[in-house]
Amino acid sequence: MRAGFIGDIVGRAGRKIVAENIKKMRDKFGLDFIIANCENASGGFGLSAQNANELLECGIDAITGGNHSFDKKDVISLMDSLPIIRPYNHFAGTAGRGVVNLKRGEASLSVINLMGHYGMPYTNNAFLEVQNALKECESENILIDFHAEATSEKNAIFGHLNGRVSAIFGTHTHVGTDDLQILNHTAYVSDVGLSGAFDGVIGMDKEAPIKTFLTGLKHSFKVNERCRRIFQMVVFECENGRCVDAFKIRMIDGIDEMQIQSALKFKD
């Protein structure tokens with residue numbers, strides 16, 4: 001089983017560069033599934049029903065979320081019928097689900113969405129709730145999107161679940177990290193990085209964040225539309241639930257060559 005995971009898709013720039021490349025990536029790397037974090041895909045905050053359908057139609061097999069999963073209310077009704085999941089560790093009674101099971105031919109993949117605690121909305125303990133999430137997985141190939149602010153928290157969940165799941169990929173901070181690795185047959189990276197505007201501040205126009213830092217007052221963020229764009233995805237391959245290979249793809253407008261970073265592989 002070989003799958004690709006796309007980090008936070010931010011705004012129109014992110015949706016467009018993903019739509020332009022997703023079929024190419026699937027064909028070039030022989031991907032059975034493509035999963036993407038889309039909680040910032042609509043205007044930088046949330047995911048609309050229209051954009052959710054567009055992204056699924058262009059070739060994404062499952063959508064994960066995070067602290068902005070419920071910003072656009074019209075998508076909530078789709079969470080039960082389409083492969084759109086939100087963090088599993090939300091409190092009981094929250095709309096949607098936190099696990100999706102995918103199958104295509106002989107290939108299968110279970111996807112869990114979790115949200116961290118530092119600087120994030122109140123939720124149940126991700127480290128405890130993941131035990132219940134694992135019971136809902138129908139495939140031995142298990143991917144976790146851990147949507148969290150702190151790299152220390154991401155490192156900790158990797159240590160907690162190392163050797164028990166196939167891959168743990170961090171999202172939320174939008175800046176890709178260089179720690180892609182495979183340990184005990186679990187692939188890990190602290191943050192895949194955004195797909196969207198390469199210029200500006202984490203996919204947003206730079207003016208509002210700079211004014212906020214200069215004045216201490218909040219200013220309205222908007223997606224950077226006139227920009228170079230970046231596409232970032234981690235590809236991982238599993239055999240019987242064990243990750244045997246992983247690499248990261250990075251493409252930026254104006255750079256002809258696709259950048260590929262192989263995972264560091266450590267012995268058990």
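Throughout what follows, the structure given in this document is the object of discussion. Not measured: the values here are computed from a predicted model.

1. Concerning the pairing of strand S4 (residues 99-104)
So, step 1. Taken together, the 6 bridges between S4 and strand S5 (residues 107-115) define a ladder with antiparallel strand orientation. Looking across to S5, one finds that Val100 is bridged to Val111.
So, step 2. Remark: 2 residues form the turn of the hairpin made by S4 and S5, two consecutive strands paired antiparallel; Gly105 in that turn has positive phi of roughly 60 degrees.

2. Brief notes about the sheet that holds strand S7 (residues 167-171)
So, step 1. Spatially, 7 strands are ordered S4-S5-S6-S7-S9-S8-S14 in an open sheet, and the strand pairing comes out mixed. The sheet is open, and its two edges are formed by S4 and strand S14 (264-265), each paired on a single side.
So, step 2. Sitting on the sheet, helix H3 (residues 126-135) touches S4, S5 and strand S6 (142-147), and the angle it makes with S5 is about 155 degrees.
So, step 3. Those strands touched by helix H4 (residues 151-161) are S5, S6, S7, strand S8 (181-183) and strand S9 (186-189), and its axis lies near 175 degrees from that of S9.

3. Focus on H3
So, step 1. Turning to H3, its buried residues are Ala126, Phe127, Val130, Ala133 and Leu134. The arc that holds the buried residues of H3, viewed along the axis, is 95 degrees, so those residues lie on one side. Turned more than 90 degrees away from the buried face of H3 sit Leu128 and Lys135, all of them exposed.
So, step 2. Along its buried surface, H3 packs onto S4, S5, S6 and H4.
So, step 3. Of the residues flanking the start of H3, the one acting as N-cap is Asn125, its side-chain oxygen 2.8 Å from the backbone nitrogen of Phe127.

4. A closer look at a nonpolar patch on the surface
So, step 1. A cluster of nonpolar residues, Val175, Val201 and Ile202, forms a patch on the protein surface that exposes about 220 Å² of accessible area.
So, step 2. Summarising the element assignment, Val175 is placed in the loop between S7 and S8.

5. Quick word on the environment of Lys222
So, step 1. For Lys222, the position within the fold is in the loop between helix H5 (207-215) and strand S11 (229-239).
So, step 2. For Lys222, a relative accessible area of 55% translates into the label exposed.
So, step 3. Beyond its immediate sequence surroundings of up to four residues, Lys222 is in contact with Met204 and Asp205.

6. What to know about the environment of Ile260
So, step 1. Along the chain, Ile260 falls in strand S13 (residues 259-262).
So, step 2. Sequence separation between Ile260 and Ile249 is 11 residues; the distance between their C-alpha atoms is 4.7 Å.
So, step 3. When neighbours within four sequence positions are excluded, Ile260 is seen to be in contact with Phe29, Phe247 and Lys248.

7. Points about the state of the cysteines
So, step 1. Inspection of every chain in the model, using the stated rule, returns 0 disulfides.
So, step 2. No disulfide involves Cys38; its nearest neighbouring cysteine sulfur is the one of Cys58, lying 8.6 Å away.

8. Things to note about the environment of Val75
So, step 1. Relative to the helices and strands, Val75 resides in the loop between strand S3 (62-64) and S4.
So, step 2. By relative accessible area, which is 1% here, Val75 ends up buried.
So, step 3. Dropping the residues within four chain positions of it, Val75 is found in contact with Leu47, Ser48, Ala49, Ala52, Ser69 and Ile84.

Cut-offs and rules
- Each chain carries its own residue numbering, running from 1 in the written order of its sequence.
- In keeping with the predicted nature of the model, local features appear solely for residues at pLDDT of at least 70, side-chain atom pairs appear and are counted solely at 80 or more, and the whole-chain, interface and lining totals rest on all residues.
- Hydrogens are left out, water is left out, and the side-chain values use all remaining heavy atoms of the structure.
- In this description, strands pair whenever DSSP reports at least two bridges between them.
- Where helices and strands are cited, they refer to DSSP runs of H or I of at least four residues and of E of at least two residues respectively, numbered from the N terminus.
- Pairs of residues are marked as contacts when any of their non-hydrogen atoms sit within 4.5 Å.
- With axes taken as lines fitted to C-alpha atoms, and helix axes fitted only over the stretch in contact, angles between N-to-C directions fall between 0 and 180 degrees.
- Summary of the burial criterion: residues with accessible area below 20% of their type's maximum are buried, those above 50% are exposed, and those between are partly exposed, where the area comes from a 1.4 Å probe applied to protein chains only.
- As used here, the arc is the angular range of directions from the helix axis to the C-beta atoms.
- Each polar contact in these results corresponds to two N or O atoms within 3.5 Å; when the atoms are within protein, one needs to be able to donate a hydrogen and the other to accept it, and residues that are neighboring in sequence are counted only if both atoms are side-chain atoms.
- Surface patches are defined over residues having more than 30% relative accessible area and no salt bridge, joining like charges when they lie within 9 Å and nonpolar side chains (Val, Leu, Ile, Met, Phe, Trp, Tyr) when within 5 Å.
- What sets the accessible areas is the Shrake-Rupley method with a 1.4 Å probe; for residues, cover comes only from the shown protein chains.
- Salt bridge, as applied in this entry: a Lys or Arg side-chain nitrogen positioned within 4 Å of an Asp or Glu carboxyl oxygen.
- Cysteine sulfurs are considered disulfide-paired once they come within 2.5 Å of each other.

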